[in-house]
Amino acid sequence: MKSVSVARSAAALLCATVVVLLTGCGYRPYKTTENQFAGRPVPPSKLTQRVMVAISQASLLGGGLEVLDAKRDIRSNVYVANSTTMISAYSSNAKSIINYPEQMRGYVYSSDGAINTINYSTEAAAGTTASTTGALSSYFVSQDVYSVLTAVESSGLFVMNQPSTASATSTSVMATYSFPVPSVYKVVANPSHSVILLMLRNSNNVYRVLQLNNSSNTSSGTQAPPADALTCMPVNNPLYCIVPVNAPDGSSGGVPAPTFHRPYDAYFSPDGSQVYFLNCGRECGGTAATGDDVAGVSFVNLNQLRIDYYPTSGSSVVPVSSFTAVPGGATAAISDGNTLYVSGQSLQTDGLFGGNLSVIPLSTKAISATYSISDGTHTKMLFADNNTLWIGSSNCASGERAAHNQNYNCLTRYDITNKAAAIVPNVTPGGTTTVPYPNENLDKYYYGSLTGLCWVENLNKVYTAYGGQVHAFNTADGSEIDNTNITVQGTANDVAYMDASTNEAN
């Protein structure tokens, strides 16, 4: 017995010695080169497959940004025992993330009204990008930080941070312009911020930003504001104006029907030549009496919406080149360059709304197929591994599916190859098939609204902020990955894959 005990002690000592030697020699649980993809440095956490989670907590505790190891699906750091990785110098209640992995940074909006820059290389907050008064209903920060745009619906204010002169080339000469735009709730811009669009609540009108250019035909040296400009700033010497994209709303008064039908959002074509306006019609309160109840996609040439496009007639014209009615509804869209996928809801005979995915080949601009998907307001669409498309929505428990005892969760996996849509997780309300990892409320059949979605490239998984917690899914079959070790303290509001090769992975 004594010899066995001695042998065990010697083995334990040998193992401890090996561990010490390996640690002293800089042992890493998995290897990383000095520079990763596209010359990116190894971050302080030494993790190279990171998902950042925007977290909010009770006001006395504050929130934060936690970094998860998306390769191992754990929140602990394998390099430092019993530790987690948080973005340093940030402790606000984080609400949402604009993710730019190509530029190795992101922009996080917090409940205190600030938009902060996050440096992915240093895993630290780099300061306040913009501060606002009032809760933002929408915001946009360009990849080069050259343009910061915000919309505050409660005060009807659109705020634009742009260069103060036409020749300015850096953010050091940024100026703030505040435009009164009643009911403005969404600002949409293309990556180069050469097109800036404004959507209004309960309206058929869309506005765009126009920059007045130098002109020798006016005494001020710049172009005169168009006759139909809503507002211009600065007041005494205008540089920017808010002008209508479409003709005035013709929903009443015996004038032609509106150009748009309750426009909800806009998607820019992958080649940058067109803008696809998403008209949600009846889903957004449109009616047959006012002629704005038809959901669909308005195809518009981008050049006529550019910030430097001055209408030759002195007033705006209708730029829509074609319109495709989408009976299934239209609030979100994504395209691979050949096909446009549109998600939305349609009104059913019982007065409830049902979710749909409509497939539109761009060669014909006609719907080729429609699939039943999650109910709720669709805002998230993302391509991922295994030729799949993922669609997220919010407030799904009050739609057609819940009323008919069908799976009413808010995430849909669409298999592009096999042309099949399935809601995940797979649940039978009231039956034995329940959600595999219930949230804090212990609801066995419903996770809640999906507010964040990102694709972890080439690892066959997507991460989500789903009902206030982190859930991950296999792209191959839609099954859920055990989230025991990736749950966070507080409410998970958004997720972002920090190490993606492209900005399109979120």
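All values derive from a computational prediction rather than experimental measurement.

Caption draft 1: How the structure looks around the overall build of the protein chain. Within the protein chain one finds 2 helices and 33 strands. Taken over 506 residues, the protein chain has a buried fraction of 52%. Here the protein chain displays about 21,800 Å² of accessible surface, and carbon together with sulfur accounts for 52% of that area.

Caption draft 2: Representation of the pattern of salt bridges in the model. Per the counting criterion, the structure on display carries 9 salt bridges. Note that R262 is salt-bridged to D292, the shortest N-O span being 3.1 Å. With R262 in the loop between β16 (240–244) and β17 (263–268) and D292 in the loop between β18 (274–279) and β19 (296–301), this pair connects stretches of sequence that are 30 residues apart. Residue R262 shares its accessibility class with D292, and that shared class is buried.

Caption draft 3: Region of interest: the sheet that holds strand β2 (residues 64–69). Here 4 strands make up an open sheet; going across it, the order is β3-β2-β1-β33 and the pairing antiparallel. On the outer flanks of this sheet lie β3 (85–86) and β33 (491–497), each paired with one strand and no other.

Caption draft 4: Region of the structure containing the packing of aromatic side chains. For the structure on display, the rule yields 15 aromatic pairs. Ring centres 5.8 Å apart and planes at 25° place the aromatic pair F158 and F179 in the stacked group. Here the residue F158 occupies a position in strand β10 (residues 157–163), and F179 occupies one in strand β11 (residues 174–180), the gap between them amounting to 21 residues. When sorted by exposure, F158 lands in the same class as F179, which is buried. One aromatic cluster is present, built from ring pairs that chain together Y341, Y371, F383 and Y414. Sitting above the plane of the F299 ring, K365 keeps its charged end 4.5 Å from the centroid.

Caption draft 5: Just the sheet that holds strand β6 (residues 114–119), in detail. Taken together, the 4 strands give an open sheet; going across it, the order is β4-β5-β6-β7, and neighbouring strands pair in antiparallel fashion. Of all strands in the sheet, those bounded by a partner on one side alone are β4 (94–100) and β7 (124–131). Each adjacent strand pair in this sheet contributes to an overall mean axis angle of 25°, direction not counted.

Caption draft 6: Broad picture of the environment of S358. Counting through the fold element by element, S358 comes out in strand β23 (residues 353–361). Sequence-wise, S358 and A369 are 11 residues apart; in three dimensions their C-alpha atoms are separated by 6.0 Å. When neighbours within four sequence positions are excluded, S358 is seen to be in contact with V326, G328, L340, Y341, V342, I367, A369 and T370.

Caption draft 7: Spatial organisation of the state of the cysteines. For the structure on display, the rule yields 3 disulfides. The disulfide partner of C232 is C241, and the S-S distance across this bridge is 2.1 Å. Its S-S torsion of approximately 105° makes the covalent link between C232 and C241 right-handed. A relative accessible area of 16% places C232 in the buried class. For C241, a relative accessible area of 0% translates into the label buried.

Caption draft 8: Representation of the environment of I87 within the structure. Checked against the element boundaries, I87 lands in the loop between β3 and β4. The spatial distance from the C-alpha of I87 to the C-alpha of L65 is 5.5 Å, given a sequence separation of 22 residues. In contact with I87, other than residues within four places in its own chain, are M52, L65, V67, I118, E123, A124, A125 and M498.

Caption draft 9: Inspection of the nonpolar core at higher detail. Membership of the largest hydrophobic core comes to 38 residues, with the highest contact counts inside it found for V51, V53, W390, Y463, V470 and F473. Elements represented by at least two residues in this core include exactly β1 (50–56), β25 (377–384), β29 (450–456), β30 (461–466), β31 (469–474) and β33. Here this core gets 5 residues from one element, more than from any other, and that element is β29. Ignoring sequence-local partners within four residues, the contact set of V53 consists of G64, L65, E66, L68, V470, V488, A492, D494 and V495. Counting residues in each nonpolar core, the second largest holds 32 residues, with I115, F140, F158 and L198 among its members.

Caption draft 10: Just the pairing of strand β22 (residues 339–347), in detail. Of all 9 residues in β22, 8 are buried; the element is thus mostly enclosed. Across 4 bridges, the pairing between strand β21 (residues 332–335) and β22 is antiparallel. Residue pairing for β22: S335 is matched across the bridge by L340. Hairpin geometry of β21 and β22 is characterised by an intervening segment of 3 residues between the two adjacent antiparallel strands and by a positive phi of about 100° at G337. Where β22 lies against β23, 9 bridges are found, and the strand directions are antiparallel. Of the residues in β23, the one forming a bridge with V342 is S358.

Caption draft 11: Highlighting the confidence of the model for the protein chain. Across the protein chain, pLDDT averages 87, with 84% of residues at or above 70. Considering only residues more than four positions removed or in separate chains, one finds that residues 1–27, a stretch of pLDDT under 50, has 1 contact. Per-residue pLDDT stays below 50 along residues 166–171; that stretch engages in 9 contacts with residues further than four places along the chain or on separate chains.

Caption draft 12: View of unusual backbone geometry. The omega torsion across M233 and P234 is -10°, close enough to zero to call that bond cis. Looking at where P234 falls in the secondary structure, it is placed in the loop between β15 (231–233) and β16. In this structure, the amide linkage connecting V424 to the following residue, P425, adopts the cis form with an omega of 0°. Looking at the element boundaries, P425 is found in the loop between β28 (420–424) and β29.

Caption draft 13: Quick peek at the side chain of T331. Summarising the element assignment, T331 is placed in the loop between β20 (320–325) and β21. With near-sequence residues (within four places) excluded, T331 lies in contact with Y264, D265, L278, C280, E283, S343, G344 and H378.

What counts, and where the lines are drawn
- Residues numbered from 1 in each chain as written.
- Predicted model: local features only at pLDDT ≥ 70, side-chain atom pairs only at ≥ 80, totals over all residues.
- Heavy atoms only, no water.
- Helix = DSSP H or I, 4+ residues; strand = E, 2+ residues; numbered from the N terminus.
- Buried < 20%, exposed > 50% of the residue type's maximum accessible area, 1.4 Å probe, protein only.
- Areas by Shrake-Rupley, 256 points an atom, 1.4 Å probe, with all protein chains shown as cover.
- Salt bridge = Lys/Arg side-chain N within 4 Å of Asp/Glu carboxyl O.
- Pairing = 2+ DSSP bridges.
- Phe/Tyr/Trp six-rings, centres within 6.5 Å; stacked < 30°, edge-to-face > 60°.
- Lys NZ or Arg CZ within 6 Å of the ring centre and 35° of its normal.
- Axes fitted to C-alpha atoms, helices over the stretch in contact; angles between N-to-C directions.
- Contact = heavy atoms within 4.5 Å.
- Disulfide = S-S within 2.5 Å.
- Core = buried A, V, L, I, M, F, W, Y, C linked by side-chain atoms within 4.5 Å.
- pLDDT = per-residue confidence, 0-100.

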